[in-house]
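# Observations on the three-dimensional arrangement
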Amino acid sequence: MTLNYKFPEGFWWGSATSATQIEGAANEGNRGQNIWDYWYEQEPNRFFENIGPEITSDFYHRYKEDIQLMKEVGHNSFRMSISWSRLIPGGRGEVNQEAVQFYNDVIDELLANDIEPFVNLFHFDMPIELQHEGGWESREVVDAYVDYAKEAFQLFGDRVAKWFTFNEPIVPVEGGYLYDFHYPNVVDAKRAAQVAYHTMIASAKAVEAFREFDIKDGKIGIVLNLTPSYPRSQNPADLKASHVADLFFNRSFLDPAVLGEYPQDLIDILKEYEQLPKTEEGDRALLKANTVDILGVNYYQPRRVKAKEHQPNPDSPFLPDWFFDNYEMPGRKMNIYRGWEIYEKGLYDIMINLRDNYGNIESFISENGMGVQNEERFLKDGEIQDDYRIEFIREHLKWLNKAIQEGSNAKGYHMWTFMDNWSWSNAYKNRYGFVSINLEDQSRSLKKSAHWFRKVSDNNGF
Ligand code: BGP
């Protein structure tokens, strides 16, 4: 069979998810609470149709059936996360044996089906007790995280080779400390900078700890949502706006994670506006010595910016947005349900940037996908005809393929996500999965895209 787009041998085909979004069983198996359980108790109205994280997609009970479906969808790899508050309720101290059993079972089941587990340690889900201590603002919480990471390496490192310290660490910064879409709903850039900094320190310390373990073929990485900043025009004022947006939203984590140091321009801005975080002696050396082996790239949308139209109100809280306005490019293609622009070439631009400016670090697409509302309307003969999703994936894969042809070190493509899951405050509004979930009875069924992806994976191209 001749393929127009062929991928390198051993390419990772699969999908990604996170504990809070699929496991359910929030009050079972001795699990502790995380910020999502807590916030939902406080303010259920902040969640779409008042649906909280208690049941979600019930993976805790149905993982066997789900892993069989992964096989049918052509997975050779799958990224999951461990729930810190399930493994160590309260965030510190005793390991919960029921959780050990559960994660052992899931990992073993994946391996028995030739699906390599990629395990992420933190996906937006701070144990509530530690949040009450200050969350990532607290250096003690960083220490607790490192202990948790060591436990996880110790418990599962005999079977899991690929580890990730964080998923999209900037999102809790934006959501929790700048733009009010995650608990604790603080708006304070200086505190945001502290949270971001401590998260990065925690990641470097986990990398350092990982190196002490003798994990066969072990690799440790981080998963970042990279959002290329495109200027409205080549006018110097627009270029400057996009440079600053890039510093805040991409390079704030990409540079320390991969290069081991923060961009000087970012430090200069934070210094000028008196927003620099507290640091400790030795931090610089720690970051430099503990860069990641592998980078997961989550890509959904580009960021288009232009120079600010108006001076920011000096009495308003300092925000990155003091340096740019968002730009709505005429003719842009939109995913109207999520409100995100679809720009497939962005993926190529990211990979070429990694090739040229980040030592062509080993990488893979760790999330890419399309959330669509009311997908039942596409149901025909018992199957959701999600041709839009097939097109979305195919067009992104073409650009990824081109980047690989041109030397990018990309090793795989994981979709967001395997089955419809609970999307933070959007709950089940937008469906992303290859597998549809009927929330009435938790029954699963493959969508059209699942069959298509299976073929792509079988042929290692299309
Ligand atoms: C990423 C997160 C995922 C996932 C996805 C889709 O930012 O890593 O957890 O949820 O985006 O976004 P949403 O669920 O907000 O539609």
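That block above? That's the structure.
Note that this is a predicted model, so its numbers are computed, not measured.

How each quantity is defined
Residues numbered from 1 in each chain as written. Predicted model: local features only at pLDDT ≥ 70, side-chain atom pairs only at ≥ 80, totals over all residues. Heavy atoms only, no water. Near = heavy atom within 4 Å. Polar contact = N/O pair within 3.5 Å; in protein donor to acceptor, adjacent residues only side chain to side chain. 1 Å grid on protein atoms, 1.4 Å probe; cavity = no way out; pocket = protein on both sides within 12 Å on 5 of 7 lines; lining within 4 Å. Sits in = over half its atoms within 2 Å of the grid points. Nonpolar A, V, L, I, M, F, W, Y, C, P; charged D, E, K, R; others polar. Pairing = 2+ DSSP bridges. Helix = DSSP H or I, 4+ residues; strand = E, 2+ residues; numbered from the N terminus. Axes fitted to C-alpha atoms, helices over the stretch in contact; angles between N-to-C directions. Contact = heavy atoms within 4.5 Å. Buried < 20%, exposed > 50% of the residue type's maximum accessible area, 1.4 Å probe, protein only. Points joined across faces, edges and corners; volume = space filled by probe spheres on them. Phe/Tyr/Trp six-rings, centres within 6.5 Å; stacked < 30°, edge-to-face > 60°. Arc of directions from axis to C-beta.

Surveying the vicinity of the ligand reveals 13 residues, the closest of which are Gln21, Glu168, Arg338, Ser423 and Tyr432. Contact distances for the ligand include 2.9 Å between an oxygen atom and a side-chain N or O atom of Asn167. At 2.5 Å, a side-chain N or O of Tyr432 approaches an oxygen atom of the ligand. The cavity where the ligand resides is the largest pocket. Of the residues assigned to the shell around the ligand, the class counts are six nonpolar, four polar and three charged.

Right, let's get into the sheet that holds strand S7 (residues 294–298). Ordered by their spatial adjacency, eight strands build a closed barrel running S1-S2-S3-S4-S5-S7-S12-S16, and the pairing between neighbours is parallel. Across the sheet, the axes of successive neighbouring strands diverge by a mean angle of 30°, strand direction being ignored. When strand S4 (residues 162–167) meets strand S5 (residues 219–225), the two strands line up parallel, connected through four bridges. Bridge pairing in S5 places Asn167 opposite Val223. Across the sheet, helix H14 (residues 387–405) touches strand S1 (12–16), strand S12 (362–367) and strand S16 (410–415), and the angle it forms with S16 is around 170°.

For the rest of this paragraph, the subject is the pairing of S12. With six of six residues buried, S12 lies mostly within the body of the structure. Pairing of S7 with S12, which is carried by five bridges, proceeds in the parallel orientation. Paired with Val297 across the two strands is Ile365, which belongs to S12. The pairing of S12 with S16 spans two bridges and is classified as parallel. Residue Ile365 lies in a different strand from S16, and its bridge partner there is Tyr413.

What follows covers empty space enclosed by the protein. In this structure the tally under the stated criterion is five cavities of 30 Å³ or more. Taken as a whole, the largest cavity encloses approximately 90 Å³ of empty space. Lining the largest cavity are Ile35, Phe122, Phe124, Met126, Gln131, Trp136, Pro172, Gly176, Tyr177, His182, Tyr183 and Pro184. Considering only enclosed or pocket space, the second largest cavity measures out at about 50 Å³ in volume. If you go around the second largest cavity, the residues you meet are Thr17, Ser18, Ala19, Ile22, Glu23, Phe59, Met80, Ser81, Phe102, Tyr103 and Val106. Those elements that place two or more of their residues in the lining of the second largest cavity are helix H1 (19–22), strand S2 (77–81) and helix H5 (97–112). Among the elements that make up the lining of the second largest cavity, the one with the highest residue count is H5 (three residues). Here the lining of the second largest cavity is built from residues that sort into seven nonpolar, three polar and one charged.

Looking at where Gln101 falls in the secondary structure, it is placed in helix H5. Given a relative accessible area of 47%, Gln101 falls into the partly exposed group. Along the sequence, Gln101 and Met415 sit 314 residues apart, while their C-alpha atoms lie 27 Å from each other.

This part is about unusual backbone geometry. Negative phi is the rule for most residues except glycine; trans is the rule for most peptide bonds. In this chain, Tyr183 is followed by Pro184 through a cis amide linkage whose omega measures 10°. Structurally, Pro184 is set in the loop between helix H8 (170–177) and helix H9 (189–210). A cis amide bond, omega 10°, links Trp416 with the succeeding residue Thr417. Residues other than glycine seldom take positive phi values, yet Thr56 does so here, at roughly 40°. Here Thr56 lies in the loop between helix H2 (35–42) and helix H3 (59–72). Residue Thr56 is classed as buried on the basis of its relative accessible area of 4%.

Further remarks concern the packing of aromatic side chains. Within a pair of aromatic rings, the relevant descriptors are the distance that separates the centres and the angle that separates the planes. Scanning the entire structure with this criterion turns up 56 aromatic pairs. With 6.4 Å between their ring centres and 80° between their planes, Trp36 and Phe47 make a pair best called edge-to-face. Residue Trp36 is found in helix H2, and its partner Phe47 is found in the loop between H2 and H3; the two are separated by eleven residues along the sequence. The exposure class of Phe47 is buried, given its relative accessible area of 2%. Taken together, a centroid distance of 6.1 Å and an interplanar angle of 75° make the contact between Phe249 and Phe324 edge-to-face. Within this pair, whereas Phe249 is found in helix H10 (residues 236–259), its partner Phe324 is found in the loop between strand S8 (303–306) and strand S9 (325–326), the two being separated by 75 residues in sequence.

Inspection of helix H11 (residues 264–272) places Leu266, Ile269 and Leu270 among the buried residues, and these make up the whole buried set. Buried positions in H11, seen along its axis, are confined to an arc of 95° and lie on one side of it. Set apart from the buried face of H11 by more than 90 degrees, the exposed residues are Lys271 and Glu272. Packed against the buried residues of H11 are H10.

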